[in-house]
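# Secondary and tertiary structure notes
What follows is the residue order along each chain.
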Amino acid sequence: MPNNSAKKLNGTNALQNLFRNQIFIPLAALLLLALFNLIMDPSFFGISFGYNSLGNPVLSGSLITILDNGSELAILAIGMTLVTAASGGQDISVGAAIAIAGSTLLRVLCGTNSRPDTLQAPIIVAFLISCVVAMLFGAFNGVLVAYFKIPPMVATLILYTAGRSIAAWINNNELPIISEPSFGYFGSFIPGIPIPTPFFIAVICMIVITLVMKFTNIKLFVQSVGINDSSSRLNGLNPELIKIMSFVILGLCVAVVGLIKVSRISSINYSVIAKDIEMDAILAVALGGNALSGGKFNMAASILGAYVIQFLTTTLYKYNVQSDALPAYKAAVVIILVVVSSPVVREKFSKIWKNLKAKEVG
Amino acid sequence: MSSSNNKATSKSSSAGLGAKIKNMTDTNLLLTITIVVFFVMYIGAMIIQGAGFLKPQTFFNILNANAALIILSCGLSIVMITGGIDISVGGVTALISMSCAVYLDYHNGNVATSLLIALAIGLAFGVFQGFLVAYLDIQPFIVTLAGMFFARGMTTIVNTAPFNVANEAFVALKGTRINVPGMGSVNKLGKYVNAYVEIGVIVALIVVIVFFCILKWTKLGRSFYAVGGNSQSALMLGINVKRTRFIAHVLCGLLAGIGGFVYFLHVGSGSASHASGAEMDAIAASIIGGTMLTGGVGNILGTFFGVLSLSTIQNIVASAGLDQAWWTGITRAVMLCIFLIIQSVVIARKKK
């Protein structure tokens, strides 16, 4: 008998460990969504092979769409996780910053003519310039947050308002169109490879951030600044610099997403590009089980969270939800998430749990 | 002048009283900056651009166009004084416009009921968000960001296409003009035209006066400042911190309801893109008006002048021929940025 109960205890411990692991939350959400789709319509998981208008072999299907669009979000989630952890707030200007980065990219590629026959600069040069611009805007947000002690969401509200205007201003409100086919590879398919390119870009970003976290102390520094910035100062860290750095890294992620977004349509629409993406990025971080008030973080959980969000979006689209109405559903998900993860509610739940256990034992 | 003197004396005074005077001086200092900025800007516009700004009606048009924003900003100021923030007001305004428009036109409703609908929507958002923020202790920015997206999404769910309201009673109310005695100008035909305001302006002025009095002279008003200034000491003073925060959000929701209806009365149509960026304008107006993001400092009168400053800037930009949409966005953001930095400098000075 005692042996048996010990085993039972072990079993519950393992289960509890799984529950406690951060990655459990996005994983559970993913399974729930997958199960829902499996019951409602198994054809959701179908993947078909075909050729696109350029004659390239491509895979298509809902899962491929998730892989494709979710990758943008995953890249953003990397930067957003760092910003959230270091500053205890979120950057709500990412959508506007993507517009700026994309606009800069097109400006450099097009030169003075908005409909160039040939590219005026190599794509890599244009991309690097847009990276620098996006990082500068990131640094601007970072300085406001770190040195002027403005709450991150209010500080980034400035760029959130002005960003799309700046993006339009960079191109004199013209809509440049790139006719060069190789520019479109970043947002669609490289000839001969049937998997969408954004996924590869996301994988590269993930590998880079994993290596950076493995070989530098960035994770430790960011977490300690997020948990307590004055005690990390006493330990010889420079919290201001680390906060700015996290915003600059987010700027880099923004530039990469800007490249993908602009490449998808070989043009730009200032008011629509990356609209409401800030909500998705924050949601990805929250769904990854990371505290939105800063501190510890789990990068893998955030990235998985990003794909889960895209899974949710694609599912909603499948049931003919209008794109403008999507935010309402996602907002409901956010509210449920934050309510469930709030300390007050958790405490209540654990009390009820204990009471139940006590009754079982009794 | 007096504010700088107070500043000097407060440094030497004892801690309890000192903190109070310091806060007072911050309020006065920031309020003075705002009012001076507004008058300098308006008088500057009168001198440089002349004609348009010399007509009283130009000023009243600014009021007419921004009555809703004034009301929304008042609500936001109250929440910000308690140390929170609410960015859902723009979305709520859009949702109210659309709901009222659909009710009036598709269901032949009457105006009084549509006002009740507006207030109910505003209150519902206020109560729900207030509960999450105050009693469940969730970050106000996340809660109200979700509220904003929820309201915007719901607006499209209620009705997708934008449309003008044709309901007769409503159109009559919308067109009601109240002449301002003693103000007016001679138009191009040489006829004297009296300056007018819309009903919304009267509502906005009443709101400003009522909430100015509440914040200044009631126990509730003072507890807002206490909670925002230092919630720990407010708790020790026996103030119910959670309930105070909750009430602040409810009031903000109620004002979003009133403001939403005033906005609807001004534009007379429902659209999902209505009041886009209104939350940002309201926050900017509050900050420009001297409400501190850290809480505990602020003044409804300052907020009123904050709204006027913001819209005067917009008018100046427009009449300077830079009428492209992006200039408005950029100037507003620059102004917000400048005032945020002024505030953080004031805070830094206070700490020293």
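Quick caveat: nothing in here was measured; it's all calculated off a predicted structure.

## Remarks on the overall build of chain A
A tally of helices and strands in chain A yields 14 helices and two strands. Here chain A has a C-alpha radius of gyration of 22 Å; the compact-globule value for 362 residues is 21 Å, and the two agree. Dimensions of chain A, computed from C-alpha atoms along their principal axes, come out at roughly 80 × 55 × 40 Å. In chain A, which comprises 362 residues, the proportion classed as buried is 45%.

## Details of the overall build of chain B
Assigned secondary structure in chain B consists of 15 helices and four strands. Burial status across chain B gives 48% buried among its 352 residues. Pairs at least 24 residues apart make up 77% of the contacts formed inside chain B by residues separated by at least 6 positions.

## Some words on the packing of helix 4 (residues 94–110) of chain A against helix 10 (residues 239–265) of chain A
Residue and element names in this part refer to chain A. Interaxial distance between helix 4 and helix 10 falls to 8 Å at its minimum, and their mutual angle equals 60 degrees. Crossing geometry of helix 4 relative to helix 10 is assigned as right-handed. Touching Val94, Ala97, Ile98, Ala101, Gly102, Leu105 and Leu106 of helix 4 are Gly251, Val254, Ala255, Val257, Gly258, Leu259, Lys261 and Val262, all from helix 10. Here the contact of helix 4 with helix 10 is built from residues that sort into 11 nonpolar, three polar and one charged.

## Here we look at the nonpolar core
If you look at the biggest cluster of nonpolar residues, it comprises 203 residues, and the most contacted ones within it are Ala77(A), Ile100(A), Ala134(A) and Ile71(B). Looking at this core, the element that brings in the most residues is helix 10 of chain A, giving 16 residues. Two domains each put at least three residues into this core: domain 1 (68–300) and domain 2 (327–362) of chain A. Ignoring anything within four residues of it in the chain, the contact list for Ala134(A) reads Ala97(A), Ile100(A), Ala101(A), Gly251(A), Leu252(A), Val254(A), Ala255(A) and Gly258(A).

## Points about unusual backbone geometry
Residue Asp276(A) is not a glycine yet carries a positive backbone phi of 65 degrees. Turning to its location among the elements, Asp276(A) is positioned in the loop between helix 10 and helix 11 (277–287). Residue Asp276(A) is classed as partly exposed on the basis of its C-beta count, with 16 C-beta atoms lying within 10 Å. The phi angle at Asn108(B) is positive, at roughly 50 degrees, despite the residue not being glycine. Note on placement: Asn108(B) falls in the loop between helix 5 (89–106) and helix 6 (111–135). By C-beta crowding, Asn108(B) is classed as exposed, having 8 other C-beta atoms within 10 Å.

## Observations concerning the interface of chain B and chain A
Contacts between chain B and chain A engage 33 residues on the former and 36 residues on the latter. Those elements that place two or more of their residues in the side of chain B that touches chain A are helix 7 (140–158), helix 13 (278–288) and helix 15 (325–351) of chain B. Split by residue class, the side of chain B that touches chain A holds 22 nonpolar, eight polar and three charged.

## Quick notes on the domain arrangement of chain A
Residue and element names in this part refer to chain A. Domains assigned within chain A are domain 1 (68–300) and domain 2 (327–362). One C-alpha centre belongs to domain 1, the other to domain 2; they are set 33 Å apart. With five residues of domain 1 in contact, the opposing surface of domain 2 contributes six residues.

## Comments concerning the environment of Arg332(B)
Here Arg332(B) is to be found in helix 15. Residue contacts for Arg332(B): discarding those within four places in its chain leaves Thr161(A), Ala284(B) and Leu310(B).

## Here's the deal with the environment of Ser302(A)
All names here are of chain A. Position of Ser302 relative to the elements: it lies in helix 12 (residues 299–318). Assessed through the 31 C-beta atoms surrounding it within 10 Å, Ser302 is described here as buried. In the structure, Ser302 is positioned 19 residues away from Leu283 in sequence and 9.1 Å away in space, judged by C-alpha atoms. Excluding anything up to four places from it in sequence, Ser302 contacts Ala77, Thr81, Ala284, Val285, Gly288 and Asn290.

## Regarding helix 10 of chain A
Here helix 10 of chain A spans 40 Å end to end across 27 residues, near enough to the 39 Å set by a 1.5 Å rise per residue. Counting buried residues along helix 10 of chain A, 23 of its 27 residues qualify, which places the element largely inside the surrounding structure.

## A short note on the confidence of the model for chain B
Residues and elements named next belong to chain B. Summary statistics for chain B give a mean pLDDT of 83 and a share of 88% for residues scoring 70 or more. Low confidence marks residues 1–15, where pLDDT is under 50. Its contacts with residues over four positions away, or in another chain, come to 13 contacts. For this predicted complex, the interface confidence reaches an ipTM of 0.77, while the overall pTM sits at 0.82.

## Considerations on helix 13 of chain B
When you tally the buried positions in helix 13 of chain B, you get 11 out of 11 residues, the bulk of the element. Those residues of helix 13 of chain B that sit buried are Ala278(B), Glu279(B), Met280(B), Asp281(B), Ala282(B), Ile283(B), Ala284(B), Ala285(B), Ser286(B), Ile287(B) and Ile288(B).

## With respect to the packing of helix 5 (residues 123–146) of chain A against helix 6 (residues 152–170) of chain A
Residues and elements named next belong to chain A. Contact geometry for helix 5 and helix 6: axes closest at 9 Å, N-to-C directions at 140 degrees. Here helix 5 lies oblique to helix 6, going by the angle between them. Between helix 5 and helix 6 lies a crossing of right-handed hand. For the pair formed by helix 5 and helix 6, the contact residues are Phe137, Asn141, Leu144 and Val145 on the first element and Pro152, Ala155, Thr156 and Leu159 on the second. Tallied by class, residues from the contact of helix 5 with helix 6 come to six nonpolar, two polar and no charged.

Each value, and the rule that gives it
- Residues numbered from 1 in each chain as written.
- Chains lettered and ligands numbered in written order.
- Predicted model: local features only at pLDDT ≥ 70, side-chain atom pairs only at ≥ 80, totals over all residues.
- Helix = DSSP H or I, 4+ residues; strand = E, 2+ residues; numbered from the N terminus.
- Rg over C-alpha atoms; globule rule 2.2 N^0.38 Å.
- Buried ≥ 20, exposed ≤ 12 C-beta atoms within 10 Å, placed from the backbone.
- Contact = placed C-beta atoms within 7 Å.
- Axes fitted to C-alpha atoms, helices over the stretch in contact; angles between N-to-C directions.
- Left-handed = near helix turned anticlockwise from the far one by under 90°.
- Nonpolar A, V, L, I, M, F, W, Y, C, P; charged D, E, K, R; others polar.
- Core = buried A, V, L, I, M, F, W, Y, C linked by C-beta atoms within 7 Å.
- Domains from an automatic or database assignment.
- Expected span 1.5 Å × (residues − 1).
- pLDDT = per-residue confidence, 0-100.
- Parallel < 35°, antiparallel > 145°, perpendicular 65-115°, else oblique.

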